[in-house]
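Here is how the chains run, residue by residue.
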Amino acid sequence: MTVPPQGDDAAKKDKDVPPPSYRSLAAPVANPVDKFALLPAFLKVRGLVKEHIDSFNYFITRGIRNIIQANNRIEARNDPNIYLRYTNVHVGTPSVQVDYKVEEITPHFCRLTDRTYSAPIKVDIEYTVGKQHELQFKRNVLIGYMPIMLRSYACILHGKDEAELARLGECPLDPGGYFIVKGTEKVILIQEQLSKNRIIIDTDSKGRVIASVTSSTHEIKSKTVITLDKEKIYLQLNQFTKPIPIIVVMKAMGMESDQEVVQMVGRDPRYGDLLFPSIQECASERIYTQQQALQYMDEKVTYPGAGNQKEGRSKSILRDVFIAHVPVKNGNFRQKCIYTGVMLRRMMDAILNANTFDDKDYVGNKRLELSGQLISLLFEDLFKTMNSQAVELMNKNSDKTRSSPSDFSQLIKHESITSGLERAISTGNWDIKRFRMHRKGVSQVLSRLSYMASLGYMTRITPQFEKTRKTSGPRALQPSQWGMLCPCDTPEGEACGLTKNLALLTHVTTDQEEGPLMNLCKSLGVEDLSLLSGEEIHAPGSFLVMFNGLILGKHRQPQTFANAMRNLRRSGKIGEFVSIFVNEKQHCIHIASDGGRVCRPLIIADKGISRVKEHHMKELRDGVRSFDDFLRDGLIEYLDVNEENNALIALYEHVDQDDVERSSITHIEIEPLSILGVVSGLIPYPHHNQSPRNTYQCAMGKQAMGNIAYNQLFRADSLLYLLVYAQRPLLTTKTIELVGYDKLGAGQNATVAVMGYSGYDIEDAIVMNKSSLDRGFGRCIAMKKYTVIKEYYGEGVSDRIAKPQRDKDGALVKQNMRALDEDGIAAPGQIIRNHDVYVNKQSPKVIDRRGAGAPLMDRDYKDSPAIYKGVDGETTVVDRVMLCSDTNEKLSIKCIIRHTRRPEVGDKFSSRHGQKGVCGTIVQQEDFPFSERGICPDLIMNPHGFPSRMTIGKMIELIGGKAGVSCGRFHYGSAFGEPSGNADKVEDISNTLIKHGFSYNGKDFLYSGILGHPLEAYIFMGPIYYQKLKHMVLDKMHARASGPRVLLTRQPTEGRSRDGGLRLGEMERDCLIAYGASMLIFERLLLSSDPYQVQVCRKCGLLGYYNYKLKTSYCSMCKNGENMAKMRLPYACKLLFQELQSMNVVPRLKLTEG
Amino acid sequence: MDRPAAGSSYQRFPRVRIRELKDDYAKFELRDTDASIANALRRVMIAEVPTVAIDLVEIEVNSSVLNDEFIAHRLGLIPLTSAAAMQMRFSRDCDACDGDGSCEYCSVEFNLSARATDSDQTLEVTSNDLRSADPKVCPVDQARAYQLALSGNDYDPNAERGILIVKLRRGQELRLRAIARKGIGKDHAKWSPAATVTFMYEPDILINEELMDTLTFDEKRSWVESSPTK
Amino acid sequence: MLDVCLLVLLLSVFCNDRFNCDYSCLLSLLNCLDGVVVVLMSVNHLCRVSYERDTKIVNAASFTIEREDHTIGNIVRMQLHRDPNVLFAGYKLPHPLQYKIIVRIHTTSQSSPTQAYTQAVNDLDKELEYLKQAFEVEKNRYEERAKQGF
């Protein structure tokens, strides 16, 4: 253990702390600067889904501009003087065009009316008109509608306060970050992929060492692979049929002398040895010059026909495809040569020293693609398509009519971009032809099952590669995920470990301009490569400077350079998300400003002493200082995963680590609880639980019912579950308060007794107190939306809504119309039962009425009412009826039907510790155990749930909650929060309990409610926050005796929704056979359910038919009815024969007398 | 074995001593019987003593934020004065009516009508807004306020406030008719007359005076301090 | 309030008019969610208690008491335990969904289950009657004292 150095600063600050003794060492926080306030400050500035919004903002402010600029000129093919140029672009405010009038729209309006929340993309253009090519200008030309992310700059919600949001019908706690397309909320999930433009050294499936680079530029995406196969090194590229020896490639790029190649890789003789077989192979092929090399490669090109004939196909491949992101200026391949050299060198390093392999699963080698980037890909494609369509039209026009060339501005059609963006986001299919990108499921419907579910969606990261791979590597928890990705929140099953979630403080970067940064590096002493020889590049002591994967040059004093860059970043001279990472192993400095890196804020420490002092925090609390001020003043900085490797991060300022010099600490965590994500943040004491339990809770927290949003009662979701009396957890965490779960809770604080009771509590079932249910515990509201569209068939023919028919006394003719109002639509507040009509729609009998002039009469309509299908015996109520016209201008009637449910046996409940259970039985309160104070639990949980699950957190939640109710203060259980005071310690909780007359261990003396005698054990009892999960018996129970059948096969229908049969499957059949009841199968499945009588021709063995008129059977094959026999067989069997016949297979029956 | 002849009585004569008795609180000792009797008393008090509670609600207008069932449930849980419950009939036994609450023997009608007029303040609809058709049956806070007013005792703000049913914003309205019926706690907790009913064995504490004498004053004091019930 | 309770206890235990269970749910209105779940039994009013002799053991029998639960079961059992002629007395709630209890009694040859049962019920009746009176007396005494300013 090291004694903290008593620098001047430290001494001053620690004035009230006694000089270091063993006691002060044992104390975890000697002088706690309460850094916690930084968290809310951070979230206030950035919001919960800042990465989505930042990314989209970047796109609509910068990205779209870059795209337009890169493709700003279109011209006619036969006359380049006819052109159109885009000069400016901007995205307007969300609006729709109704009858040539532009109306601004709000997100909530879009949700209710099935519209897309989109804003016009407007461009300024200049173009030529007429034969003289007069230049004309036009401003604010519409080129399409862009779906707008909620709370982005373009969204009307941006910067609005709570009252304004309420006026717009929006929930202030809703984080935004999603789109509304055709009325449904869609999230573009964060996509995880391997870093672009970075060298990855790995082994392939055959165990060969490979170096691969996925290059990505605006024009092209390519993958370059260099393999070591049988000691020789080859280049693999899709454009070549065979691997090309690497020396040939080098020669083709103009590096003709072998010495130069070796020098480029490095002069270490070991490299030379490894390179030797390749050089030898090249020589044996008699390739010595660039010309010969190119010729050799030309023969191996996949499609030799295409390409630039003049300079040879392979040269253009080398220039445009081979490590495409390395530029070739004026035909100078030197940069590519150096890059290849570095690739080779890294490969050889890996061969010589196995631990220099790159880890594909390392988070630093990953990039996250966010909605902004994905949309920009799509938009660029659509924009180009639109332009090329315009050019096409122009060409066609000018080919047809020689007269006056039309102007381009007429040919810009905005529909393609609008519909393209809308379709992609609503289906989630991202098809980009240029990059041959076909991705499915990029966007998903935002789940509004609970507040947590929607937040969870916003932080979810989906992997790129398919989930079927059984590999464990990518699924494992990576140490580099610390603080960036939540270690708990991942689904179970096939996507386990692949689908991840962001941690609380993670930020995902957006692209930053490269030019100024490169210049800055150069002026800080980076030597340009073009001036250096291969020998000089790899001179010992000098480091290569890599900038976003490109080799920028080299630097002789890497540490000085890195420090200088970092100081510039801390003083705000360069972007705060630029990362400077000194890689000692590779002798490289990586500077990254590209988008998609994950990073997080950390407090900067000088020799282990935090730069954030108490007075800073006071200023923050007083509102004088914001989180950005901390950044600007260089107190806090963002580190990405790579740069974290250059940092030594302490958890707390004054904790003495056993094996770490305090002076070498460079950063301090803001709060340890920030390593968890939003969803796992609501678990109290997660650090006391067995880890899988936290993971289970992360999955279940999303299924819990509760309050969804402040505007929940005005929403029109197709299915909405609400809890009647949702509560805030008694045992909270700091994360809960940060994300607003305390305002939109999804559960109730139930007094739980941990004991066995009644035997109906085995296998995690819980026993519930009937009186608690009477008083509203676990009561929920299920609201379902039923939409009826009043169809329009053209020519004035449409459906109509008829008022319910009444006889002359005014009584309803049909009883199932009782829920209807006089307008023919169910009245809000009306009770609606199974088979009741909720919209009395009538459709015209004949749709096609061309020519028939007369208006439709009553008799021309037939009833086509919308009938409510509910559960018999349940009372449901019509909550709301909404009428709106949909996008096709048809009237759509939305009835929202509400059902209030109280818990019943079989409903699923769970605590926040992955402890789910169904309600096993409901017991009268008088039968429940009670304490001397009269406390009676709301539910009883079996203690067997604990030993194997090891959810100690739940136990602490129980006693913490108990202390909380007795002393009237919400207790905290934040992750790893004990040292910093964000979690109450068990000892303190016990003291509180004692103070209020409870036992320190949370156990109570209970009496049996049945017999009145004291229970023979003390019962662990106290409040635990219980969630009611969406799985309810009412939605699932299903039984049938006889019922509907499928028309074709005459087999019972399938599935609950169709009142289907319960399958007696193979295994059940096996059971019956094994039991010896095979005749039962025969009887039940055949004789009593599926018999069919057929006529069989004894001669040809085929099925005939029975002619009822002539009362004879007839074989249509033999054309007579002579040899017919009657027999019975299952209908399914008859169907099989007929289907076989339809496929030209003849099933013949051979009959013998039985 | 010597057994008494069959038919002899084993009746006990329990003794009762009241320790505390208030309007809403009672505490008494029960001696010379066993826990089964005490528990039976407890169970009956929770589940089988009939009271009156709102059971049927007919909602005329409800533009509040809470839905109809929600309000009906809340109304049901409002405690009503139930002294008249013993004279009332269970509506299922009532011959005078068919149980729809239209008869005086088995049901009491309540009316509630509240509307937030044009002011910016939210209107709190409480149990005090319930108008009973039968003065014998009304929400308990109303009854208490009435009693306090009668006795001229000091004004109790809590009684005045009533039990919150729903809050109305400007322009919202709630109008309903509710029927209270007799029932027992077994059927629904709203008919349970008692909030908490519990009993305990009272320990017989014998102090070893001899040993006590050996303690110093401070020790004695800390011994007294250690009492959990002090 | 408490005296009401006691009174009801007495009434409820031995009156047959409780739970006449033709509870056809007329709760047409909204609170029917909390409508009472009543098992509709075609109960003969006279037959609240039925008696079944044990076929194997002499002086043993079980009494099925319809529409009663632990409240009655336990006090009857405890009262039976006080009878030295009762060798065994126990009760069970056969199923949580069945609203009845079964009391099983095994006596010596000096007595019989019926006799023991009747005796126990009578004793309980008297005890509760006594308890009711004792409470009334005590209540009056307490109130008297309270008036005097104790």
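First things first, this report covers the structure right here in the doc.

Quick notes on the rules
Residues numbered from 1 in each chain as written. Chains lettered and ligands numbered in written order. Predicted model: local features only at pLDDT ≥ 70, side-chain atom pairs only at ≥ 80, totals over all residues. Heavy atoms only, no water. Contact = heavy atoms within 4.5 Å. Buried area = accessible area lost by both parts, 1.4 Å probe. Salt bridge = Lys/Arg side-chain N within 4 Å of Asp/Glu carboxyl O. Buried < 20%, exposed > 50% of the residue type's maximum accessible area, 1.4 Å probe, protein only. Helix = DSSP H or I, 4+ residues; strand = E, 2+ residues; numbered from the N terminus. Arc of directions from axis to C-beta. Axes fitted to C-alpha atoms, helices over the stretch in contact; angles between N-to-C directions. Parallel < 35°, antiparallel > 145°, perpendicular 65-115°, else oblique. Left-handed = near helix turned anticlockwise from the far one by under 90°. Nonpolar A, V, L, I, M, F, W, Y, C, P; charged D, E, K, R; others polar. Core = buried A, V, L, I, M, F, W, Y, C linked by side-chain atoms within 4.5 Å.

1. Things to note about the interface of chain A and chain B
Put simply, an interface is often sized by how much accessible area is lost when its parts join up. Opposite the 31 residues of chain A that make contact, chain B presents 25 residues. A buried area of about 2,300 Å², summed over both sides, lies between chain A and chain B, and 49% of it is on carbon and sulfur atoms. Where chain A touches chain B, the interface holds three salt bridges. Arg898(A) serves as the salt-bridge partner of Glu69(B), at 2.1 Å between the closest nitrogen and oxygen.

2. Remarks on helix α16 (residues 515–523) of chain A
Residues and elements named next belong to chain A. Listing the buried residues of α16 in full gives Leu517, Met518 and Cys521. One face of α16 carries all of its buried residues, which in axial projection span an arc of 100°. Away from its buried face by more than 90 degrees, α16 exposes Asn519 and Ser523. As for α16, its buried residues are in contact with β23 (543–547), β24 (550–555), α18 (558–570) and β26 (588–592). Where α16 terminates, the next one or two residues include glycine 525, which has phi positive at roughly 105°.

3. Description of the packing of α16(A) against α18(A)
All names here are of chain A. Running from N to C, α16 and α18 cross one another at 135°; their axes reach a closest spacing of 11 Å. With respect to their mutual orientation, α16 and α18 come out oblique. The two elements α16 and α18 meet at a crossing, and its hand is right-handed. Here Leu517, Leu520 and Cys521 of α16 come into contact with α18, specifically with Phe561, Met565 and Leu568. The residue makeup of the contact of α16 with α18, split by class, is six nonpolar, no polar and no charged.

4. Some points on the nonpolar core
By size, the foremost hydrophobic cluster in this structure holds 159 residues, and its most contacted members are Tyr86(A), Ile143(A), Met146(A), Ile375(A), Phe379(A), Trp430(A) and Leu75(B). Of all the elements, helix α13 (residues 371–400) of chain A adds the most residues to this core, at 11 residues. Setting aside residues up to four positions removed in sequence, Leu75(B) forms contacts with Ile54(B), Val57(B), Leu112(B), Leu130(B), Ile165(B) and Leu176(B).

5. Digging into the pattern of salt bridges
This model, assessed by the stated rule, comprises 85 salt bridges over all chains. Glu173(B) serves as the salt-bridge partner of Arg175(B), at 2.5 Å between the closest nitrogen and oxygen. The class of Glu173(B) is buried, set by a relative accessible area of 13%. The network of salt bridges with shared partners includes Arg111(A), Glu170(A), Asp174(A), Glu185(A), Arg448(A), Arg715(A) and Asp717(A).

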